[in-house]
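For reference, the chains in residue letters:
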Amino acid sequence: MQKICLATALLLLCFGCSPKQPRYVIGVSQCSADIWREKQNAELRMGTYFNDGVELRFAAAYDSDERQIQQIDSLLATGIDLLIVAPNQVQTISPAIDRAYDSGIPVIVFERKTNSQKYTSFMSADNYEMGRQMGEYIAKQLKGHGRVVEVKGLKGSSPAIERHNGFADALAQHPNIELVATLQGDWTEESGTKAMAQWLATAEGQQAAAKGIDFVFGQNDRMAMGARKALSDVSPKYCGIDGLPGEGGGIQLVRDSILEASYIYPTHGDRLIQQAVDILDGKPFEKEVLLQSAIVTRDNAKVLLMQTEEMMRQNNNLDRLHKKADTYLQQLDNQRIISLLALGVIALLVIAIILFYRYHIGKMTLRRERVVNTLWNMKPENDENENHDENEDEDEKTEEKEPATSASLFIARFKEAVESRLEDSELSIEDLATEMHLSRVQLYRKVKAVTGSTPVELLRTARLKRAYQLLLTTDKSISEVAYKVGFTAPSYFTKCFKEEYGQLPGNLRA
């Protein structure tokens, strides 16, 4: 009777609480994490509001080729339907993108190029044209005479290469403008400061500073601002690229005369997600999409800032409305679940009453038969059957129980094997089975029989418990903790942590 009731309860709970499966799962592999990509990620999430049933899984490589390759492979392993990727460098990320494409996963390469043609669609602005127009703008401001320093973005990335080529070609048309130095940054403000400071410490840099520097072109606004910090004793003018809205963005910096000009580098996460859904829906789409952009100067910065701030305000309003709608829908789901649980409880009570009635009526009938048989000096026919049934039940219970000592020793060995290699992101169940001198199937059955969980579930739980301790006892960042316990993507670690503990990793330290 208990088994039947338990099974009925589980069925009702599964029916009432099963989450809605997404229509499409889209992986987003960002080469870095910065304000430009934060804006794009927010637009991607906004785009899902207009495309029901789309789940996004984000990963940020923080300018590491190796990490981005691992994250792409990890996203593929989770079962995504499409991959959006901004490659860290032209050559190194191509094999991972090729693996995704060759496995039948559509690939949208965004903003940065690779040296492979294995992609479904490419979407970006014209980085060469941006560099060329910034060169022409500076030449016009200098009236054809002057000295310029350039700070490049990450070495080997397609925007850095193309922006430099466009900039150099533009200045080549003005022989009296000297490109004094081309310094190497990595898109961060700190790299702009460091590159400029190191150059100024050289004899070449000191001589150039003594002669005067008229303009500094940072291949993005942040590097231009970083170079500005290092040139406190020199007073050139500064230009950058990105032209982000909001506080501290390029448009505001131009309006406030901190930068002379910037160039809007469009994020267009909403258009990107629509392209992805069109591909998955089998609709027509363009393979090569060139996004429009524009230069920002003091003449138009104020108007552009007003426009973008209004758009941001409307987007924030839309986001709040969507969250309210989500809350309302969640409340409806909760009410539905409560109703189903109530029906389930009623059903269980009915089943229990029926079983209880049948059980006791059966016992009363058996007792009456025994009384009649006794009165007639007859041997009760059901005694042997009843004893036999009871013996069978005892045998089944004995067979189902495994000696506690043996089970404890096995789990102790399994725990030791897991914890000794917890940092290894490549650790597989096959590896654990080999270490314990078992086949993969034997290990799975043994662990499942003893614990009720699979080896994969226990491995993930062990990693999350270790991560919980590290977050409480160390000052490591969330990304560092994720990699320390064997996760290949901080975003996936955060998702698993919240599922396990009901809160985000960052909230643990709040």
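The residue numbering used here restarts from 1 in each chain and proceeds along that chain's sequence as written. Local features in this predicted model are restricted to residues whose pLDDT is 70 or higher, and side-chain atom pairs enter the listing and the counts only when it is 80 or higher, whereas totals over whole chains, interfaces and linings include all residues. To get the side-chain values, all heavy atoms of the structure are used, and hydrogens and water are removed first.

Here we look at the overall build of the protein
Secondary structure assignment for the protein yields 19 helices and 12 strands. Sequence separation of 24 or more characterises 68% of the internal contacts of the protein that already satisfy a separation of 6 or more. For the protein, the exposed surface amounts to about 28200 Å²; the carbon and sulfur share of it is 54%. The way it works is that DSSP assigns letters per residue, a run of H or I at least four long becomes a helix, a run of E at least two long becomes a strand, and they are numbered from the N terminus. Note on contacts: a residue pair qualifies if any of its non-hydrogen atoms lie within 4.5 Å across the two residues. Methods summary: accessible areas were calculated by the Shrake-Rupley approach with a probe of 1.4 Å, and residue burial reflects only the protein chains presented.

Looking at the sheet that holds strand β6 (residues 146-152)
DSSP bridges decide pairing: two strands pair if at least two such bridges lie between them. Pairing within the open sheet is parallel, and its 4 strands lie in the order β7-β6-β8-β9. The open sheet is flanked by β7 (177-184) and β9 (237-239), the only strands paired with a single partner. Strand-to-strand twist in this sheet, taken as the mean axis angle between neighbours without regard to direction, amounts to 20 degrees. Looking at chain direction, strand β8 (residues 215-218) and β9 are connected through 3 bridges and run parallel. What sits directly across from F217, in β9, is C239. Packing against the sheet, helix α5 (residues 127-141) makes contact with β6, β7, β8 and β9, and its axis sits at approximately 170 degrees to β8. Angular values range over 0 to 180 degrees, each being the angle between N-to-C directions of two axes fitted as lines to C-alpha atoms, with helices fitted over their stretch in contact. Against the sheet, helix α7 (residues 189-200) touches β6, β7 and β8, its axis set at about 120 degrees to β7.

Here's the deal with the packing of aromatic side chains
The pairing test for Phe, Tyr and Trp rings, Trp by its six-membered ring, is centres within 6.5 Å, and the orientation test on the planes gives stacked under 30 degrees, edge-to-face over 60, and tilted for anything in between. Applying the stated rule across the entire model yields 10 aromatic pairs. Aromatic pair W36 and Y265: ring centres 5.2 Å apart, planes at 25 degrees, arrangement stacked. Separated by 229 residues along the polypeptide, W36 in helix α2 (residues 35-48) and Y265 in the loop between β10 (262-263) and α11 (269-281) bring together distant segments of the chain. A single burial state applies to W36 and to Y265, both of which are buried. Taken together through their ring pairs, the aromatic side chains of Y468, F487, Y492, F493, F497 and Y501 make up a single cluster. For a ring to carry a charge above it, either NZ of a lysine or CZ of an arginine must fall within 6 Å of the ring centroid while also lying within 35 degrees of the normal to the ring plane. Directly above the ring of Y265 sits R163, whose terminal nitrogen or CZ lies 4.5 Å from the centroid. In this structure, K287 is placed above the aromatic ring of Y119, and the distance from its NZ or CZ to the ring centre is 4.4 Å. Throughout this description, buried means an accessible area under 20% of the type-specific maximum (1.4 Å probe, protein chains only), exposed means over 50%, and partly exposed covers the range between.

Comments concerning the pairing of strand β4 (residues 107-110)
Successive side chains on a regular strand alternate, one facing one side of the sheet and the next facing the other. Here β4 shows a buried face lined by V107 and V109 and a second buried face lined by I108 and F110. Sheet topology places strand β3 (residues 82-85) next to β4; 3 bridges connect them, and they run parallel. Looking at the pairing, L83 lines up with V107 of β4. Here a crossover is taken to be right-handed if, once the strands point away from the viewer, the path from the first strand over the helix to the second is traced clockwise. Since β3 and β4 lie parallel, the crossover through helix α4 (residues 94-102) that links them has a hand, and here it is right-handed. Where β4 meets strand β5 (residues 121-125), 3 bridges bridge the pair, whose relative direction is parallel.

Some details on the sheet that holds strand β11 (residues 288-291)
What links the strands of a sheet is backbone hydrogen bonding, and the strands pair in either a parallel or an antiparallel sense. Strands sit in the order β2-β1-β3-β4-β5-β11 across an open sheet of 6 strands; the sheet is parallel. The sheet is open, and its two edges are formed by β2 (54-60) and β11, each paired on a single side. Here the strands of the sheet are splayed against their neighbours by 15 degrees on average, with no regard to which way each runs. Where α2 meets the sheet, it contacts β1 (24-30), β2, β3 and β4, and its direction lies at approximately 165 degrees from that of β2.

Regarding the environment of H145
With respect to the helices and strands, H145 occurs in the loop between α5 and β6. Along the primary structure H145 and P175 are separated by 30 residues, whereas in three dimensions their C-alpha atoms are 8.2 Å apart. Setting aside residues no more than four positions away along its own chain, H145 makes contact with N176 and I177. In protein, a polar contact requires one atom able to donate a hydrogen and another able to accept it; more generally it is a pair of N or O atoms within 3.5 Å, and residues adjacent in sequence count only if both atoms are side-chain atoms. Side-chain polar atoms of H145 contact the side chain of N176, separated by 3.2 Å.

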